[in-house]
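# Per-entry structural report
Chain residues, written in single-letter form:
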Amino acid sequence: MPSSMYAARPNISQTLPIIRQLDDSAANRIAAGEVVERPASAVKELVENALDAGAVRIRVDYSAGGKTLIRVTDDGHGMTPEDLPLALSRHATSKIDGSDLLNIHTFGFRGEALPSLGAVGRLKIASRAEGHDGAEITVNGGAIGPVRPSALNRGTQVELRDLFFATPARLKFLRTDRAESQAIADVMRKLAMAEPFVGFTLYDVDGGREILRVDAEQGELFDALGARLTRLMGRDFTENALRIETERDGVRLSGFAALPTFSRGSTVAQHLFVNGRPVRDKLLIGALRAAYMDVLSRDRHPAAVLFIDCDPHHVDVNVHPAKAEVRFRDSGIVRGLVVSGLRHALAAAGHRASGTVATETLGAFRPESTGGNPAPRIYQMDFASRPSTGALRDAYAAQAPVDPILDEAPAPWQPAAASGWDSDGATSARIEPAQGPTDTPLGAARAQLHENYIIAQTRDGLVIVDQHAAHERLVYERLKAQKDAHGVKAQALLIPEIVSLSPSDAQRLLDHAETLATLGLVLEPFGGDAIAVRETPAALGNCDARGLVLDILDELADLGQSQALGARIDAVLSRMACHGSIRSGRQMRAEEMNALLREMEATPLSGQCNHGRPTYVELKLSDIEKLFGRR
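First, a word on scope: everything that follows refers to the structure included in this document. (Residues numbered from 1 in each chain as written. Predicted model: local features only at pLDDT ≥ 70, side-chain atom pairs only at ≥ 80, totals over all residues. Heavy atoms only, no water.)

Let's shift gears to the sheet that holds strand β11 (residues 251-258). If you trace the 5 strands from one edge of the open sheet to the other, you get β10-β11-β14-β12-β13, paired in mixed fashion. The sheet is open, and its two edges are formed by β10 (241-248) and β13 (277-279), each paired on a single side. Taking each pair of neighbouring strands and ignoring which way they run, the sheet shows an average axis angle of 20°. By the bridge criterion, 6 bridges tie β11 to strand β14 (residues 304-309) in an arrangement that is antiparallel. Following the sheet pairing, Phe256 is matched in β14 by Val305. In this fold helix α10 (residues 282-291) packs onto β12 (270-274), β13 and β14, with an angle of close to 130° to the strand it touches most, β12. (Pairing = 2+ DSSP bridges. Helix = DSSP H or I, 4+ residues; strand = E, 2+ residues; numbered from the N terminus. Axes fitted to C-alpha atoms, helices over the stretch in contact; angles between N-to-C directions. Contact = heavy atoms within 4.5 Å.)

In this section: the nonpolar core. Ranked by internal contacts, the top residues of the largest apolar core, which has 59 residues, are Val47, Ile58, Phe200 and Phe237. Core analysis: the next-biggest nonpolar cluster, separate from the first, contains 35 residues, Val274, Ala291, Val295 and Ala345 among them. (Core = buried A, V, L, I, M, F, W, Y, C linked by side-chain atoms within 4.5 Å. Buried < 20%, exposed > 50% of the residue type's maximum accessible area, 1.4 Å probe, protein only.)

Right, let's get into the pattern of salt bridges. One pass over the full model with this rule turns up 27 salt bridges. Asp75 is paired through a salt bridge with Arg57; the nearest N and O atoms lie 3.5 Å apart. You can see Asp75 sitting in the loop between β2 (69-74) and α4 (83-87) and its partner Arg57 sitting in strand β1 (residues 57-63), a full 18 residues away along the chain. One salt-bridge network, held together by shared partners, links Asp294, Arg473, Glu477 and Lys480. (Salt bridge = Lys/Arg side-chain N within 4 Å of Asp/Glu carboxyl O.)

Below, the discussion takes up the sheet that holds strand β22 (residues 522-525). Here we have 3 strands laid out as an open sheet, ordered β21-β23-β22, and antiparallel in their pairing. Both outer strands of the open sheet, β21 (490-500) and β22, are each paired with one neighbouring strand and no more. Here the average twist between neighbouring strands, direction ignored, is 20°.

A word on the environment of Lys483. Within the secondary structure, Lys483 sits in helix α14 (residues 467-485). Residue Lys483 is classed as partly exposed on the basis of its relative accessible area of 24%. As for Lys483 and Gly520, which are separated by 37 residues in sequence, their C-alpha atoms are 9.2 Å apart.

The following block contains the structure:
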């Protein structure tokens, strides 16, 4: 082989390579590259050590984003003076005996954290076990000092200064102090979620302020976890989250999952734990996504805090350097448990929607302040802001009492001519006579606004319903029920609809023709690149067959083969439901509106449309009265 090829690849030596045994200092620095990626990684390792030591109070102080100082103080078991030097040796640990590497019940088990940190920073460990004197030991860039006496209460204090001073090249890859501080806070929050009965404090030495402080919670596990999540994720999350508790084949799923209408634009509100260990596992993230697939669009993400507990022998936690990923012996059981457990909880929630929707709606009604002064309240109605003539005419006619003698309503009201009054414009609101029960969850229909929004009165407030979004969800659930029972019923078209497509699009549809036929959509080739639509789903009524075919084609192109067949079928049904639902702009009678409300109450997941948007907003009378200064 020509020598010029070696010149192009300098990592290939032209001389015979010699295998060398690296010294402990170099080996520890290499291990630190895997274990300690950034200051937050060091905090994670040290806090997990404190938790493994049985601590119930843990305090973390840091400076310059953890680059110059990380100090972790706990009240755990502590260490004896004889154990301190051994704790700094590689693969020395009190958590396993090496006979069974799967029977792991602690956060740490490798014995690499302390020697790795001592190899790349200036480390000092002071500890005192019950019945022993306090002692401390220092390590500077891998050089271990002698054990000295130390005045310390029971527990351990680990102080790490000048992280990566022994490997200055690593410092260039760290982010700003602000970003590193945020990463440390994120680590602390995750560990605080995993251990609600432990108190945590995070203190910024430079700023002189507490970044995080949560005291140990009391009570039952679910109550303690709920209280801890309220502190860490906000009351909105816990008030709009469903309690999850289910078990299958020795695997237990518990935690809280938010309603679909409480979704987020990213996955920042997803926290997953396996046997108490925070993980970012692709299998679990995919299962969480699949559970919400029916109720969220692809650009929205659910919020959830989920704990999976199983026999340690059924999960391998030693497959990732930072223990951030795990591998299950039977991943199908775990994935199925997550998907089914969450779907059952969402279905049991019925028509419930996130309470934050009503809060945001009330906020939109409140006047905004301009500058530093609040906007003045205007109580007098000027001519420019009055409703149209048609709206007033219909409103007065609907409210006019019937003459008991003549048994007829008085003549329609006619407005007097007034300067600046708009006498043109069509009505966009209809008021219905009082009928229907108001003691039901969604109340009785009272009006329809802009031919799209139903106003219903409840016992203690009012409900605003998006008729198109609500009916879309109802049709979708109806189609799914038909599919699961005996296939979607189809209706034959008197004249087949001919749709011209590109060759690739026509072939894609025909490839799925058999599946689409089970969903009530019968397609046949019609020469060239055209297809004929012979039958459409009966539940859609008189739908736009061509538009339906084009929408299904888009759905199939988006999903491709990346989704399971069931997911692709549900996505197609969702598109069909959109075509079969009540369109915006259609006037509805009171009987139709009340029937829609009753069906929503009886249909699971009707609180949000197929894309995760709310189908209704509920406003309490007490909140409405506050808007008008009555409370």
